[in-house]
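Reading the structure
Now for the letters of each chain:
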Amino acid sequence: MESEGRSATKAAEPLTRWDAVVVGAGFAGMYMLYRLRALGLRVTVLETGDDVGGTWYWNCYPGARVDVPSLNYSYSFSPDLQQEWSWPEVYSSQPDLLRYARHVADRFDLPRDIQFGTTVSRADYDEDASAWVVHTDAGGRMLAQYLIAAVGCLSATNVPDYQGLDHFEGEWYHTGRWPKGGVDLSGQRVAVIGTGSSGVQAIPVIAEQAAHLHVFQRTPNYSIPTYNAPLDPDVEREWKQIYAEHRDRDHNSAGGIYFPTPERSALDVEPEERQRLFEEGWQKGAFGMMQTFNDLRTDLRANDTVADFVRQQIKRIVKDPIVAETLCPTGYPLGTKRLCMDTNYFQTFNRPNVTLVDLRAHPILEMTPTGLRTDQGPYEFDVIVFATGYDAMTGPLLRMNITGRSGYRLAEKWQDGPRTYLGLGMAGFPNLFTITGPGSPSVLTNMIVSIEQHVDFIAEMIDNMRRRAVTRIEPDEAAEDAWVAHVYEVSQKTLYKYAESWYLGANIAGKPRVFMPYVGGLNAYRRRCDQVAARGYEGFVVTAGSVHA
Ligand code: NAP
């Protein structure tokens, strides 16, 4: 039986004792619970929402959809699960992804170990007890040997600090905290601020509902049509016959989704041939165009050719030449800010009820009781939608107020940017593990594949610790320093350094500019983790002894 919701919130009892506390019941937290339970640990999962699903619980804004095909973007750990589940569409909608998360939760009886409606307010390492003391906003306190952050990379929402927002008399929402029952936008005057992946997905759907939609764009984005469609049952059947092979290929690919490596450079073909291949790729949709040549993401001149092609497409689709020009991304290579995938995004600007406002030319001066004001004058709305992104990767971890050994605060450790070993743990913070933390491939990959790799690594490390009577494990400072240096070094060899992106923390005022994800590829990263484990958890320091949790 699938659940409709899990609003029966159970408040945490003061000082309950656990082997492990997992924070977050998204895809990472759910699988972590499954693995730790199988090892015989007493585990509790703390989840702010009142249901499982994480990203797919919170992001229920109009048009929300995954941009990786669901046959790839789904758990691989259970052959039965992957055989019995059917996806209606190639790229699943948020409601279908949430339905899947609920199905997985119920199928593996996960909710009995999840405390919904419970947010971690603080976590302190108690050296005497060799355990974490986890505090919740409901006043609960938990003692646990292991603390595992499965809080996601994009869960700390960013609402710009506009003067006057408190006085806005209409409704406003952030895409990442969209009301569960939905919002009726029909006949409303709506503003969307932000044109990243969330805005690009929401704008075409909101435009169909609203009386009028104003889109406030700061940086134009490269976006490619997905041409989403119902999933062909023959494709699904054939895929499922050799699911293990598909999974294996994804797991050993650079991005967690397998593509054959193109043979040629974009610079080795005549312009006409290049144009023809880009056209063909564009028609395939989504990543098709990026698979035409092998250097589109690595060589600036090759990247220019594909960026030019996308600008041509925008100018072809958008009828008003001034609007088209305003929508054209320039000044940063394609793919160095997250490449958006859309359904009718640029077409939406041909609608009579849609107006584009260029915030580069006319920044927002203030919010007003009836809308907002730029130097062009006032704009009036009933509803404002903030598609303004996240304090990515570090934000969700820092919001947990973590203090490690000797009173060392995570905020202090990371004041100049995140420092981790493999994105899995931090020196000074014993038995704290991060799933897809900064310094891991995470957001540059198919997230579920990265999540499964991390969860498997952490579960096996904990199992190994228990068998060796190790009570504490934490990264060695020197191994962490070397990994941080490596993450930086690899990022500098790519085109990512040319963009002011959230990967770099550039979207949050005052955030240190450090390229956070590991760009060396999931395949290389996986090999490295396997090697670390095979060498007895090389780079980690262990302490034997007894636990008082
Ligand atoms: P985002 O990519 O950070 O985009 C935020 C947008 O808001 C940008 O256009 C940004 O402009 C703008 N913005 C931010 N602060 C602003 C301000 N003060 N004034 C005006 N504009 C402002 O956030 P997102 O669209 O939520 O996407 C975040 C990530 O979530 C994506 O990159 C992707 O990894 C993931 N995601 C995935 C999917 C999917 O799978 N289909 C869908 C949605 C999100 P600037 O660019 O100038 O900063």
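This report concerns the structure included in the present document. Counting restarts for each chain: residues are numbered from 1 in the order of the written sequence. With pLDDT at 70 or above as the cut-off, local features in this predicted model cover only qualifying residues; side-chain atom pairs require 80 or more to be listed or tallied, and sums for whole chains, interfaces and linings still use all residues. Based on all heavy atoms of the structure, the side-chain values leave hydrogens and waters out of the count.

**Topic: the overall build of the protein**
Along the backbone of the protein there are 15 helices and 20 strands. Taking 24 Å as the expected radius of gyration for a compact globule of 549 residues, we find that the protein reaches 24 Å, a close match to that expectation. The principal-axis extents of the C-alpha atoms in the protein amount to approximately 70 × 55 × 50 Å. Every one of the 549 residues in the protein was classed for burial, and the buried ones make up 59%. Contacts are residue-level and defined by heavy atoms, with any inter-residue pair within 4.5 Å sufficient. Once local pairs closer than 6 in sequence are excluded, the contacts in the protein between residues at least 24 apart make up 73%. Numbering of helices and strands runs from the N terminus, with a helix taken as a DSSP run of H or I at least four residues long and a strand as a DSSP run of E at least two residues long. Only C-alpha atoms enter the radius of gyration, while the globule expectation follows 2.2 Å times N to the 0.38, with N the number of residues. Relative accessibility decides the category of a residue: with a 1.4 Å probe and only protein chains considered, values under 20% of the type maximum give buried, values over 50% give exposed, and everything between is partly exposed.

**A few points about the site of the ligand**
When at least one non-hydrogen atom of a residue lies within 4 Å of a molecule or strand, that residue is treated as near it. Around the ligand sit 24 residues, and of these Arg65, Tyr162, Ser198, Arg218 and Thr219 come closest. For the ligand, a nitrogen atom lies 2.7 Å from a polar atom in the side chain of Tyr162. Residue Ser198 places a side-chain N or O atom 2.6 Å away from an oxygen atom belonging to the ligand. Note on areas: these come from Shrake-Rupley sampling with a 1.4 Å probe, and a residue is covered only by the protein chains present in the view. Expressed as a share of its isolated accessible area of 910 Å², the protein-covered part of the ligand is 88%. The biggest single contributor to the shell around the ligand is helix H5 (residues 197-209), with three residues. Classes in brief: Ala, Val, Leu, Ile, Met, Phe, Trp, Tyr, Cys and Pro nonpolar; Asp, Glu, Lys and Arg charged; the others, Gly included, polar. Here the shell around the ligand is composed, by residue class, of ten nonpolar, nine polar and five charged. Polar contact is defined as a pair of N or O atoms within 3.5 Å, subject to the rule that within protein one atom must be able to donate a hydrogen and the other to accept it, and that residues adjacent in sequence are counted only when both atoms are side-chain atoms.

**Points about the pattern of salt bridges**
Just to be clear on terms, a salt bridge is a Lys or Arg side-chain nitrogen sitting within 4 Å of an Asp or Glu carboxyl oxygen. Inspection of the entire model under this criterion finds 28 salt bridges. The partner of Arg35 in a salt bridge is Glu460, and the shortest N-O contact between them spans 3.9 Å. Taken as a pair, Arg35 in helix H1 (residues 27-38) and Glu460 in helix H13 (residues 447-467) lie far apart in primary sequence, 425 residues in all. Take Arg35: its relative accessible area is 18%, and that puts it in the buried class.

**What about helix H9 (residues 300-317)?**
If you check H9, its first and last C-alpha atoms are 26 Å apart, about what 18 residues at 1.5 Å a residue would give, namely 26 Å. Every buried residue of H9 is accounted for by Ala302, Asn303, Thr305, Val306, Ala307, Phe309, Val310, Arg311, Gln313, Ile314 and Ile317. Residues of H9 that are buried in the fold lie against strand S10 (223-225), helix H8 (271-284) and helix H10 (321-327). For H9, the N-terminal cap is Asp299; the gap from its side-chain oxygen to the backbone nitrogen of Arg301 is 2.8 Å. Given the number of residues in a helix, its expected span is that number minus one, multiplied by 1.5 Å.

**Comments concerning the nonpolar core**
Residues belong to one nonpolar core when they are buried, are Ala, Val, Leu, Ile, Met, Phe, Trp, Tyr or Cys, and are joined through side-chain atoms within 4.5 Å. By size, the foremost hydrophobic cluster in this structure holds 79 residues, and its most contacted members are Phe27, Met32, Leu36, Tyr73, Tyr75, Ile148 and Ile435. Residue contributions to this core peak at eleven residues, all from H13. Not counting chain neighbours up to four residues away, the residues in contact with Phe27 comprise Trp56, Tyr73, Tyr75, Leu97, Tyr100, Ala101, Ile448 and Ile451. Membership of the second largest hydrophobic core comes to 57 residues, among which are Tyr173, Leu277, Val306 and Phe346.

**Quick notes on the packing of aromatic side chains**
Each aromatic pair joins two rings of Phe, Tyr and Trp (for Trp, the six-membered one) with centres within 6.5 Å, and gets the label stacked for planes under 30 degrees apart, edge-to-face for over 60, and tilted for any other angle. Summed over all chains, the structure comprises 41 aromatic pairs. Pairing Trp239 with Tyr243 gives two aromatic rings, centres 6.3 Å apart and planes at 85°, and the pair type is edge-to-face. Take Trp239: its relative accessible area is 18%, and that puts it in the buried class. On the basis of relative accessibility, which here comes to 3%, the residue Tyr243 falls in the buried class. Grouping aromatic residues by their ring pairs yields a cluster made of Phe27, Tyr31, Tyr34, Trp56, Tyr73, Tyr75, Phe77, Trp85, Trp87, Tyr100 and Phe108. A ring has a charge above it when a Lys NZ or an Arg CZ is no more than 6 Å from the ring centre and no more than 35 degrees off the ring normal. Positioned above the aromatic ring of Tyr258, the side-chain terminus of Arg249 is 5.3 Å from the ring centre. Over the ring of Tyr332 we find Lys337, and its NZ or CZ is 5.7 Å from the ring centre.

**Concerning the sheet that holds strand S13 (residues 366-368)**
Strand pairing is assigned whenever DSSP detects at least two bridges linking the two strands. Across the sheet, which stays open at both edges, the three strands sit in the order S13-S14-S15 with antiparallel pairing between neighbours. The two strands at the open ends of the sheet, each matched to only one other strand, are S13 and strand S15 (377-380). Neighbour-to-neighbour, the strand axes of the sheet open up by a mean angle of 30°, direction not taken into account. Pairing of S13 with strand S14 (residues 371-374) involves three bridges; the strand directions are antiparallel. The partner of Glu366 across the bridge, within S14, is Arg373. A fitted line through C-alpha atoms represents every axis, and for helices the fit uses only the stretch in contact; the resulting angles, taken between N-to-C directions, go from 0 to 180 degrees.

**Describing the sheet that holds strand S16 (residues 383-386)**
What the five strands build is an open sheet, ordered S7-S16-S8-S9-S12; its pairing is parallel. Unpaired on one side and paired on the other, strand S7 (171-174) and strand S12 (354-358) mark the two borders of the sheet. Between one strand and the next, the sheet's axes are offset by a mean angle of 20°, whatever the strand orientation. Pairing between S7 and S16: four bridges, direction parallel.

**Considerations on the side chain of Thr16**
Secondary-structure assignment places Thr16 in strand S1 (residues 16-23). Of note is the side chain of Thr16, whose polar atom sits 2.9 Å from the side chain of Trp18. Aside from chain neighbours lying at most four places away, what touches Thr16 is Arg141, Met142 and Leu143.

**Observations concerning unusual backbone geometry**
The backbone of Ser130 shows a phi angle near 50°, a positive value even though the residue is not glycine. Relative to the assigned elements, Ser130 resides in the loop between strand S4 (120-126) and strand S5 (131-136).

**Side note on the pairing of strand S19 (residues 470-475)**
The buried fraction of S19 amounts to six of the six residues, a majority that puts the element mostly inside the structure. Pairing geometry for S19 and strand S20 (residues 540-544), over five bridges, is antiparallel. The residue bridging Val470 from the neighbouring strand is Ala544, located in S20.

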